[in-house]
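The lines below spell out each chain.
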Amino acid sequence: MNRIPNSHSEPFDNDTINSEENDKMEVIEAYNPETKVALEKFVLILIAVGLLVGAILSVGVVYVLEKTGLTTPPNQQQIELRK
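Predicted model, so just to flag it, every value in this text is computed and none were measured. (Residues numbered from 1 in each chain as written. Predicted model: local features only at pLDDT ≥ 70, side-chain atom pairs only at ≥ 80, totals over all residues. Heavy atoms only, no water.)

(A) Local environment of the overall build of the chain. Within the chain, the secondary structure is distributed over two helices and zero strands. Taking all 83 residues of the chain together, 0% fall into the buried category. About 9,100 Å² of surface is accessible on the chain, with carbon and sulfur atoms providing 60% of the total. (Helix = DSSP H or I, 4+ residues; strand = E, 2+ residues; numbered from the N terminus. Buried < 20%, exposed > 50% of the residue type's maximum accessible area, 1.4 Å probe, protein only. Areas by Shrake-Rupley, 256 points an atom, 1.4 Å probe, with all protein chains shown as cover.)

Put into structure tokens, the structure is as follows:
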């Protein structure tokens, strides 16, 4: 019979981890508050630039549509019905 791969490995048990490995696993990096403020400013600047570019593009699209005549309604022609 074929054996299942890694069938000889033991199941994971929290008791088998020694304290040194456990200490390495619990390392949590502390972030610098100045870095957080800088990132928040950067994100706000990106949002502001995006809004500005979007506003400029929308005004440009409306201008081009008006110049090409695509915003004017089509002519309404009266259809005469013959009786």
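Additional details are given in the paragraphs that follow.
(B) Highlighting a nonpolar patch on the surface. A surface patch of nonpolar side chains, about 620 Å² in accessible area, is lined by Phe42, Val43, Leu44, Leu46, Ile47 and Leu51. Inspection of the secondary structure puts Leu44 in helix 2 (residues 33–68). Since its relative accessible area comes to 57%, Leu44 is described here as exposed. (Patch = residues over 30% accessible without salt bridge, like charges linked within 9 Å, V, L, I, M, F, W, Y side chains within 5 Å. Salt bridge = Lys/Arg side-chain N within 4 Å of Asp/Glu carboxyl O.)

(C) View of helix 2. If you check helix 2, its first and last C-alpha atoms are 53 Å apart, about what 36 residues at 1.5 Å a residue would give, namely 52 Å. The positive-phi residue at the C-terminal boundary of helix 2 is Gly69, with phi of around 85°. (Expected span 1.5 Å × (residues − 1).)

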